[in-house]
Amino acid sequence: MSDLSVEAEAVEVSIRGLTKIFGEGEGAVTAISDADLILQRGEFLSLLGPSGCGKTTLLRIVAGLEFPTEGSVDVRGKSVWNRHKRSKAATKPISMMFQEARLFPWFTVAQNVALPLRVAGMPKAQRIERAHEICETVGLAGFENHRPAQLSGGMRQRASLARALVTDPQVLLLDEPFGALDAMTRDALNMELMQVCARADVTTILVTHSIAEAAFLSDRVVVLAPRPARITGVEAIPFPRPRSLDLQRQTEFQDMVAHLRTALVGGAE
Ligand SMILES: Nc1ncnc2c1ncn2[C@@H]1O[C@H](COP(=O)(O)OP(=O)(O)O)[C@@H](O)[C@H]1O
Ligand SMILES: [Mg+2]
């Protein structure tokens with residue numbers, strides 16, 4: 001099925017002709033070149049590509065943090081960008097999570113998690129209750145009153161994920177969220193991420209360096225060539241859900257990882 005044949009009402013994110021050039025003249029850097037991508041509602045999509053190929057830039061444009069040079073991004077039919085002006089209505093249902101947890105050290109976990117609700121003007125009692133709920137969902141029950149410095153790296157990323165989920169986003173953008181963690185913590189968090197995303201029925205774009213992570217979590221994996229980011233392949237990942245970590249030991253999974261690796265290397269040539 002080609003991207004363009006996806007039925008309009010099921011489309012959550014639509015990226016068309018997206019180009020981003022930083023700077024001008026001799027020093028100009030083309031970070032993204034003419035990218036097209038359509039995500040269906042509830043889909044989990046990963047972006048896989050070498051460092052510096054424009055993955056973060058793409059997420060930042062979708063999130064409304066960076067304006068595109070050319071092209072459009074629509075979320076549920078609303079344009080995120082009108083020329084260089086961001087639409088608040090279009091970005092409202094979007095949450096982004098970064099590689100670093102970016103928590104305020106003087107706030108408790110619950111206060112950090114509740115921050116987007118505070119910004120949105122939700123009354124204190126209500127937002128703290130909601131923060132506690134979402135802390136439980138991401139495995140932080142009992143840590144709500146801790147400060148970030150009292151948490152492990154994995155726990156801090158859980159708090160960061162909780163903060164991204166607390167507003168009930170329709171679109172979740174994850175920029176190498178677990179890249180700095182050890183393999184075991186990362187496996188555990190990926191399992192939970194998959195369950196949380198399925199339950200919350202969010203549409204997710206994950207940026208990762210890990211081919212196995214992309215293959216394990218995704219419905220589709222988009223392979224990007226080095227700078228400027230060009231989409232060189234879109235691979236459907238057909239493994240049924242729910243998936244368990246055992247999947248990673250199966251031959252079909254390892255074949256898929258090898259296939260994606262070839263696609264990635266092919267794109268780099
Ligand atoms: N604000 C900026 N100003 C100038 N160049 C930038 C800016 N942000 C990113 N770039 C450049 O755009 C390219 C893509 O960056 P980035 O999106 O961070 O890549 P990735 O996330 O895939 O590693 C890089 O060459 C980077 O140096
Ligand atoms: Mg990046």
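The present account deals with the structure reproduced in this document. Because the structure is predicted, anything quoted here is derived from the model rather than measured. Every chain's residues receive numbers from 1 upward, in the order its sequence appears when written. A letter from A marks each chain and a number from 1 marks each ligand, given out in the order of writing. A pLDDT threshold of at least 70 governs which residues receive local features in this predicted model, and a stricter bar of 80 or more applies before side-chain atom pairs are shown or counted, although totals over entire chains, interfaces and linings include all residues. Here the side-chain values reflect all heavy atoms present in the structure, with hydrogen atoms and water set aside.

Re the site of ligand 1
Right, so step 1: A cutoff of 4 Å decides nearness: a residue is near a molecule or strand if any of its heavy atoms lies inside that distance of it. G52, G54, K55, T56 and T57 are the nearest of the 12 residues found near ligand 1.
Right, so step 2: In this structure, an oxygen atom belonging to ligand 1 sits 3.1 Å away from a main-chain N or O atom of C53.
Right, so step 3: The contact in question runs from an oxygen atom of ligand 1 to an N or O atom on the side chain of K55, over 2.9 Å.
Right, so step 4: For every accessible area listed, the method is Shrake-Rupley and the probe measures 1.4 Å; residues are considered covered only by the protein chains on display. In the complex, the protein chains occlude 61% of the 560 Å² of accessible area that ligand 1 would expose alone.
Right, so step 5: Counting from the N terminus, the helices are DSSP H or I runs at least four residues long and the strands are E runs at least two residues long. If you list the elements that add at least two residues to the shell around ligand 1, you get β2 (29-40) and α1 (55-63).
Right, so step 6: For the shell around ligand 1, the element with the most residues is α1, which contributes 3 residues.
Right, so step 7: Side-chain classes follow a simple rule in which Ala, Val, Leu, Ile, Met, Phe, Trp, Tyr, Cys and Pro form the nonpolar group, Asp, Glu, Lys and Arg form the charged group, and the remainder, Gly included, forms the polar group. Taken together, the residues that form the shell around ligand 1 break down as 5 nonpolar, 5 polar and 2 charged. Under the rule applied, a polar contact is a pair of N or O atoms within 3.5 Å (in protein, one hydrogen donor and one hydrogen acceptor; residues adjacent in sequence only if both atoms are side-chain atoms).

Examining the environment of I134
Right, so step 1: For I134, the position within the fold is in helix α4 (residues 124-137).
Right, so step 2: Sequence separation of I134 and P105 is 29 residues, and the distance between their C-alpha atoms is 20 Å.
Right, so step 3: Excluding its chain neighbours within four sequence positions, the residues that come into contact with I134 are V113, A162, L165 and V166. We call two residues contacting when some pair of their heavy atoms lies within 4.5 Å.

Focus on α4
Three or four residues apart is the spacing at which side chains of an α-helix point the same way, because the helix has 3.6 residues per turn.
Right, so step 1: Residue count minus one, scaled by 1.5 Å, sets the expected span of a helix. The end-to-end C-alpha distance of α4 is 20 Å, a good match for the 20 Å that 14 residues give at a rise of 1.5 Å each.
Right, so step 2: For α4, the elements touching its buried residues are α3 (109-119) and α5 (153-165).
Right, so step 3: Looking at the residues trailing α4, positive phi occurs at G139, about 80°.

Some details on the nonpolar core
Across soluble globular proteins, nonpolar side chains show a tendency to be buried alongside one another.
Right, so step 1: Counting residues in hydrophobic clusters, the biggest one holds 49 residues, and the most contacted among them are V113, L193 and L260.
Right, so step 2: Each domain's extent was defined by an automatic or database domain assignment. Domain assignment of the residues forming this core places at least three in each of domain 1 (8-93 + 171-268) and domain 2 (104-168).
Right, so step 3: Non-local contacts of L193, meaning those with residues more than four positions away in its chain, are made with F44, L161, L174, F178 and L217.
Right, so step 4: Nine residue types can take part in a nonpolar core, namely buried Ala, Val, Leu, Ile, Met, Phe, Trp, Tyr and Cys, and a core is a set of them joined through side-chain atoms within 4.5 Å. Each residue is placed in one exposure class: buried if its accessible area under a 1.4 Å probe, protein chains only, is under 20% of its type's maximum, exposed if it is over 50%, and partly exposed if it falls in between. Counting 31 residues, the second largest nonpolar core, distinct from the first, contains I15, I61, A63 and A229.

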